[in-house]
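Each chain, written out:
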Amino acid sequence: MNDIEKKLLNEYVLNQASINSRRHFLKDCTLGLGGIAFGSLLKSCAPSGSPNLFGGERTLNPLAPLSPPKLPKVKNVIYLHMVGAPSQLEMFDYKPELHKLHDQLCPESLLKGKKFAFIQGVPKMLGPQAKFTQAGASGNWISDNLPHFKKVIDDVAFLKAVNTDQFNHGPAQLLMHTGSARFGRPSLGSWATYGLGSENQNLPGFVVLTSGGTPDAGKSVWGSGFLPSVYQGIQCRSKGDPVLYIKDPKGVSRNLKRELLSSINEINYQEFKAQEDPEILTRINQYEMAYRMQITVPEVMDIENEPESVQKMYGVTPGKESFANNCLLARKMVSSGVRFVQLYDWGWDSHGDSPANAVDLGLRNKCKEIDRPITALLLDLKQRGLLDETLVVWGAEFGRTPMQENREGRDMGYKGRDHHGDAFTMWMAGGGIKKGVVHGQTDDIGYTAVEGKVSVHDINATILHLLGFDHEEFTYDFQGRPFRLTDVEGNIIREILS
Amino acid sequence: MDIVLTFFGRFHPLLVHLPIGFILMGLLFECYKKKIQPAATVLKFIFFWASVSSLLSIVSGIFQFLQEGYIWGNIQGHFIAGVATFVLTLGFYLFLKGNVFALRIPRLFYTLGLFISLMITGHLGGNITHGDNHLTEPLEALVGINNKSEVRFLNVDDYSRQKVYSGLIEPILSKKCVRCHNPKKAKGQLQMHTYAALQKGGKNGIILDFNSPESSEILNRIHLPEFEKKHMPPRAQKQLTQAEKDIINYWVLKGAPEFKTLGELGFNEIQLNSFMVQENEEVYPSIELDLPDKKTIDSLQSMGILITPVKQNSNLLFLSTINYKAFSDNDLGLLASLNKHIVSIDLSDSNVTDAVFTSLSKFSNLVSIKLNRTAISGQGIDQLSKLDNLKKIHLINTNLKSEAIHIISGFKPLIKAFVFQFNRDLRSEISLSPEILVRFDFGNYLLEDLPSDTVVY
Amino acid sequence: MNSKVPLFILLFLTLLIGCQREKAVDFNTDIKPIINKKCISCHGGVKKNGGFSFLFESEALGNTEEGSPAIIPGNSQKSRLIQRLKEKDLDLRMPFEKPALSEEELNLFTKWIDQGAKWGTHWAYITPKKEELPKIKNDSIQHFIKSPVDQFIASKMEVQQLSPNTPAKKNILARRVAFDITGLPPEERHFNAFMEDEISYENFIDSLLNQKTYGEKWASWWLDLARYADTKGYEADRGRSIWQYRDWVINALNTNLSFDQFTIDQLAGDLLPNPKAANLIATAFHRNTMTNDEGGTSNEEFRTAAVIDRVNTTFDVWQSTTMSCVQCHSHPYDPIHHDEYYKMMAFFNNTRDEDTTDEEPNLRTYNAEDTKSITDLLEWIALYGDDITKKSYEDFLNFNEPKYHLHACENVSKGTLITDGKRLGLWNKGSAYLRNVDTRGGTRLILEFNYPKSGSQITIRNGGPSGSILSQFKLPTTNSKNGNYGEIISVPFKALNTKVDLYIEAQNNSLSKPREYIGILNWVAFLPELPGKSKIKYPAIEKSFTTLINSKTTRTPILVENPSFMKRETRFFERGNWQMPLDTVASDVPSILNDWDMEWDKNRLGLAKWLVSDANPLTSRTVVNRIWYQIFGRGIVSTIEDMGTQSEPPTHPALLDWMAVHFMEDQQWDLKALIKSIVMTATYQQSSAIDEYKYRLDPNNIFYSRGPKLRLQAEEIRDQALAVSGLLSPKMGGMGVMPPQPDGIWEHRYLGNLWKESIGEDRYRRAIYTYLKRTSPYPSLLTFDAGSREVCLVQRLPTNTPLQALVTLNDPVFLEAAFHLAKSEMTASDIDGAIRSIYYKATYSEIKSESLEVLRNLYQAALIEFTENPEALEQFLDIKSTTLHHAALTMVANAIMNLDEFLTHA
């Protein structure tokens, strides 16, 4: 055996036994290592550095729970993404100065060298279409579009100067959730379940709930990219089967299904004894998990088994698809041990081309749709002792311009704002987050960030930090180089960490 | 030819020890020359070989310097001291031989001079090979100078009494500026490692202008946009954080005093926030434990019980019965061998009863207990008072009695107890002082309807 | 000094010299891996800190910022590199701010420099050579060998003290090779003939290779690489009619088009001397790139993104090289310069497609009658006109090129570029300029437009508002629109022989609102005079032309090269940003690979020939490695997507090279021959049984000491279920079909739910014909690891998840298959016989007695279940009046179709 093979084989054995080269491990492990049947060599085929006792479990089930390298501040994440980009000037970023400039022509300096999605020529300035008041002990500003939110404003840390370099919906959503505006990269939820697995073995690790429509970039915003497809987000739908094909076919009772599964696994086990292929063991395990999921998924997805008072608190409408329903489901999932719950609410693209898209009309209804559910979610998490081990993130793919949109040079029918990625607002709450803090500031008309500028990569770096990862060390080898969610940038936003 | 020189140069560290040995032996003889008769002749012999060997070591030293690419600045002192030693050894040898010139210089000059020059040469030589704090480093730890400046150095209760320069400005500058502005490497001939050096300024003038502070050069340099050439710290180096820039700005505008305290200068907590040492309360007790028993872990895992370390390579364990809801009181025995390791346990939705408290009290390092939605009523919960790490307890939607609340309020280390019962208002059944009440969360938050709920725009 | 001392020194010196006999340090295997891991990220293609880079030999040995070379061959002492590696001061020591190199690595570097710092080119960039076959000593392995491939495999096995498995059982082997060649289980008659030895294993393989299903199976693999989909992608993700390309691939594979011709047709079919329709359709390979119709997106940006995707995909597919890195900087670790990326881009940057909504240029396929009138028209022109006119008319009728899209109009007044820059919308008295148009003396203007308002008149002037009128006409509002494509009219135009700016004016005073569009104009084209004006039949010919340009056709987007007067030059983008173009570049290939043969012309056709020339070191290796991967589940180079310096070294380098040369020279790029040569080897025919000893030594079967056992591909899982239950329809080709899928999957906000479930035969077509929408692919295929085809997918990572179990257990498609499989055994006399025959039909192997017993118990349990609650039987699978026996048997069939043995091929 020449040097290459010796080197290759011994490198392979070393990889399996100790060095944390994930690519070899996961791709080959899901392919074929049964673990139990073949003694210690395979048992210690562990993802973390030293051969630890808990790695063996992963060979049977790629979603087995793992511990992060650093002490985590949170165990689960609920990410609320407002698809279409809500106008921060009517919700969180109070700009009295902008009132004074209302209806005046936009100064040339703001437009020089700037490319907008739709604005052409010289637009007019549009004053905030909502009144603002200070709320809570922190005295942070909040618009009257979100009356309920005042009750929980002190639990929240605001990021007032978030920026992104994409101004089209699809690429901007991809950048926010996969760290790159191009297709093909794993989403934040996939990285989380790939790194930590999931506690509840009878539920998916990464669940996606949509209301009003799917995001512009389609399923790739919760895709697994180059990671194995077992880590992609599972879309749970409140209409029809919560997870595709979860229900038994008509006429097949539960115990008949049990009989069916026992026969399948019995014959598979005989096959395994004859052939000793560990992949068969993995398949037996997956069928058992599928059987359990058929009970646990519908149970966790059933809003009606929650008490009346809780349903009223969220303002849910069972049987329909709504953001309120999804917030209650998010809490139920997190309390049942699902690692990452991602919500998408569609309909925030207020360009002003119709009443539903006007910042003084449609936006108010949309704010009403999310105000009560989000407040209820934070209170409910708190009272169930979950808020300090869960991270709640609220955000969008970008913000909107202080100028009124005048698409193709003529005024729109209603008041609307164009896409604007330089100065929008996001907030975070929960474990490891300092309460009531405001980080970052935009100029007096909310056009550019002047202080505490935060990029998309900084946000993802902070989320990974709270989950217990160093975002520069958390990599996956593909095409010959280690890939990171935060690519080559990203600094943890320490100012909002407690 | 080149290789031979390098090869010979390599002998320098070996040859150097010969003169050390000869000279010390010679000086020893010098001290005892009265007692030991033949001292004079022996001394001459010794110092002959001492000068030959020190000549050889100088020559080999030169070759090593030429071949191995040392920087002249570093070895200058060592070389001069080495030549001085050679001259003194040769001089003393000639003195002993009775050479007329050598006799002019007193004997003591040779002996004492030799001793001193030998010590200096040796010390400097040591520095070159092993780094310049080689000698003093062990002492430093003793004295407490810790040059790795701690990122966070103020503590919340006495920060106002700290002196502004030494307490706040010096740690920032040493982290971000002194790296290129120090005695050894003074970029722009500017040193910033002491207050005096700051006052002196550098090649193009002072950086702290005391009569018109706002035009101090240090302020323009740190506030210039990053892509400007003059922006400090240079783009490639670690940048000042926003908080650090504000602090320096505030300090310079206050006249950049050295000894005034932070309180006098009116620094408030918000400004100093990111320099405060959080009482980073270690969530879990930091104790050394050996590996948990592998067989127990395997058997528990095969039952479907979830056990993972709190973080990689840690022996503190988190246990949950989320995937094995049938867990009951008599299963608690299985966990016995892990009672030191388990720091966080979640038995929610399992079949445990009040008997659980007795076995839980044996888990000495427990920090968090969850018993949501179980049949416990709080009977025997007092046994948990033994746990001196217990910080959080979750007893949501159980048959918890109000007496148990009073018992729990007595737990010293407890930070938060979650006792929300959705079908009854536990809060109304008990009366506790506000500061104790704050450690409980009774939940039952309600969202009343607002008029705006029903308005459609 | 007594005499012993010199003796002692002598001894010491001989000892010193003795251990000097060094082993020569090889750059590729010893030095390059260290450089890649520890140095190249700051001293390579991305960053060249200190002016020093390891990427190219010239840079490594050249001067650094310090003005002198860092490496002095032969003298490691003097080399700054070694000094910096050994430096004590942390600020100076390399690798900077990272742990120092280990002793062993340091020695390697020093020895390498002392031995003259000889550079080495990476093995994959050296043209493959056939080595003679390795000798085998131990004869038990000797007679295992049936082919040269086995010889290489056996020699490696021998060294590993591994012995090959016994050959697989005939039925297992037959099923395995049937799936590997056709993607379906074997047909009854072939299988039985093979089992009864009426035909040999080789004839059995030939029978499989000759079936049409071979093309369908291997087309799935190729369409993953071509990123084929039935929609445009991005936000709108509207439908796209490109299925003709899929049928071309299937047909090319079935007719065994040689791989080099297969490549040339797809990269440059339109540049072949008088290309036929098939050659044009082949070029749709690169029209699978995505088109962005989202409002607010700039066409030029996403045209550039498509061209960039074409460069990356060409290198992913044919060269296993990660060229996408080089868009922004020199390749981080492979020796490819930054500007070489743009030299490659120049090959692809000169095509007519401009990210327009109608995805022009499209090849139009006419119905028979129209084709007849086209041939008459062309004969007429040939008779009365010249060749140039004939060519112009023929090209225009085939793919409406060359034309000018009006999204390029400037200074639009009283009008706008609709939906932000896609088409020209003018109001009353509106105008716009179309800059430097070359009408080549054309006297016929052709315009495509939508939603005309009656009474709208268009005037086209030369140069500006006061220029002479070149053409003036009214927009007809009479006839209906053919689908969402625009309507086309032909009007007279004044002949011009120089490039000119067209000034387009619109007029319609009858419009009520000031900002109402008179119509939306898409593109204009110019054609020479139709000859034979004086002939009597002229008006009829003219009429047939004007009807032809509006007739309903099947369209397929293709590549068409820009004519000379529209030539686009390619600019070097600074840091890959298309908005910062620097100097122009000419088309050329990376210098590290084989040289350009001067008589190839510098366009896509030349590029295709360069790729498939014998001198190219990567193409044949890539094809061989990937076909080997499809059959064995693991590549000889295990990193299928990359053969660069950072990839895993090949496990059998000599074998890879031998097969690569054999495929090029002896097999003349014949794919079927390559596949046959692999499945004929003894290595392939081994049984896939695993024992603990072999597993411990070689868990991933690196040395192929056992046959391949693979989970079936996503398409094969569905096709097999339909095939064994007799539901599968052999119909080939045509539009994408829509088998049953849960509703709500396709909820698109403004396009609504377009999933119209197919009826009849189309419900049971092979998976390759399922309509594939990029933003929501067919769920059961997605669950079994198929991709969504936004980007070129080189390797599907197989997984094993509970969701897959749910699909095969509860998906109506699979339940229906189980129901029909059970139905075929209704007449069986006894239960055991029925189970036995269902098992045999599904797995092509006899059922073991224990399994039979388990399934009989299941059958009985089902019987009891359905007798106890008859209403369950009533609604069983929503199929009315199923008998008790049939329902129970269906449960048995469902169980069999979920066995590991069924979902994999052993």
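All figures in this text were calculated on a predicted structure; none of them were measured in a lab.

## Here we look at the overall build of chain C
- Check the secondary structure of chain C and you find 35 helices and 15 strands.
- With the C-alpha coordinates aligned to their principal axes, the bounding extent of chain C is approximately 120 × 95 × 50 Å.
- For chain C, the residues scored as buried account for 60% of the 906 residues in total.
- Pairs at least 24 residues apart make up 71% of the contacts formed inside chain C by residues separated by at least 6 positions.
- Total accessible area on chain C is roughly 35600 Å²; 57% of this is exposed by carbon and sulfur atoms.
- Of the charged side chains in chain C, 101 are positive and 116 negative; the average position of the first set lies 4 Å away from that of the second.

## Topic: the pattern of salt bridges
- A complete count under the given rule lists 83 salt bridges over all chains for this structure.
- A salt bridge links A:Lys382 to A:Asp155; its shortest N-O distance comes to 2.8 Å. Residue A:Lys382 is found in helix H13 (residues 362–383), and its partner A:Asp155 is found in the loop between strand E3 (140–143) and strand E4 (156–163); the two are separated by 227 residues along the sequence.
- Among the residues examined, A:Asp155 registers a relative accessible area of 8% and is labelled buried.
- Put simply, C:Glu66 and C:Arg84 hold a salt bridge, and the shortest N to O gap is 3.7 Å. One end of the pair, C:Glu66, is in the loop between helix H3 (57–61) and helix H4 (80–86); the other, C:Arg84, is in helix H4, and 18 residues separate them in sequence.

## Thoughts on the domain arrangement of chain C
- Structurally, chain C comprises domain 1 (27–120), domain 2 (378–552) and domain 3 (810–905).
- Computed over C-alpha atoms, the centres of domain 2 of chain C and domain 3 of chain C are 65 Å apart.

## Points about the interface of chain C and chain B
- Residue-level contacts link five residues of chain C with five residues of chain B.
- Surface buried jointly by chain C and chain B totals about 540 Å² across both partners, of which 34% is contributed by carbon and sulfur atoms.
- It is C:Gln77, C:Lys78 and C:Asp91 that lose the most area in chain C upon contact with chain B, and together they represent 53% of the buried surface on that side.
- For the pair chain C and chain B, the number of links is zero salt bridges.
- Summed over the shared surface of chain C and chain B, the number is zero residue pairs in polar contact (both at pLDDT 80 or more).
- By residue class, the composition of the side of chain C that touches chain B is no nonpolar, two polar and three charged.

## A short note on the interface of chain A and chain C
- The interface is formed by 89 residues belonging to chain A together with 93 residues belonging to chain C.
- Of all residues in chain A, the largest losses of buried area upon contact with chain C belong to A:Tyr245, A:Arg283 and A:Gln479, amounting jointly to 10% of the total for that side.
- The tally of links between chain A and chain C comes to four salt bridges.
- Taken together, the links from chain A to chain C amount to 16 residue pairs in polar contact (both at pLDDT 80 or more).
- Mapped by element, the contributors of at least two residues to the side of chain A that touches chain C are helix H1 (3–17), helix H2 (22–32), helix H3 (39–43), helix H7 (169–178), helix H9 (254–275), helix H10 (278–300) and strand E16 (476–478) of chain A.
- Considering every element that reaches the side of chain A that touches chain C, the biggest residue donor is H9(A), with 14 residues.
- A per-class count over the side of chain A that touches chain C returns 40 nonpolar, 25 polar and 24 charged.

Reading the values: the criteria
- Residues numbered from 1 in each chain as written.
- Chains lettered and ligands numbered in written order.
- Predicted model: local features only at pLDDT ≥ 70, side-chain atom pairs only at ≥ 80, totals over all residues.
- Heavy atoms only, no water.
- Helix = DSSP H or I, 4+ residues; strand = E, 2+ residues; numbered from the N terminus.
- Buried < 20%, exposed > 50% of the residue type's maximum accessible area, 1.4 Å probe, protein only.
- Contact = heavy atoms within 4.5 Å.
- Areas by Shrake-Rupley, 256 points an atom, 1.4 Å probe, with all protein chains shown as cover.
- Lys, Arg positive; Asp, Glu negative; His and termini not counted.
- Charge placed at Lys NZ, Arg CZ, Asp CG, Glu CD.
- Salt bridge = Lys/Arg side-chain N within 4 Å of Asp/Glu carboxyl O.
- Domains from an automatic or database assignment.
- Buried area = accessible area lost by both parts, 1.4 Å probe.
- Polar contact = N/O pair within 3.5 Å; in protein donor to acceptor, adjacent residues only side chain to side chain.
- Nonpolar A, V, L, I, M, F, W, Y, C, P; charged D, E, K, R; others polar.

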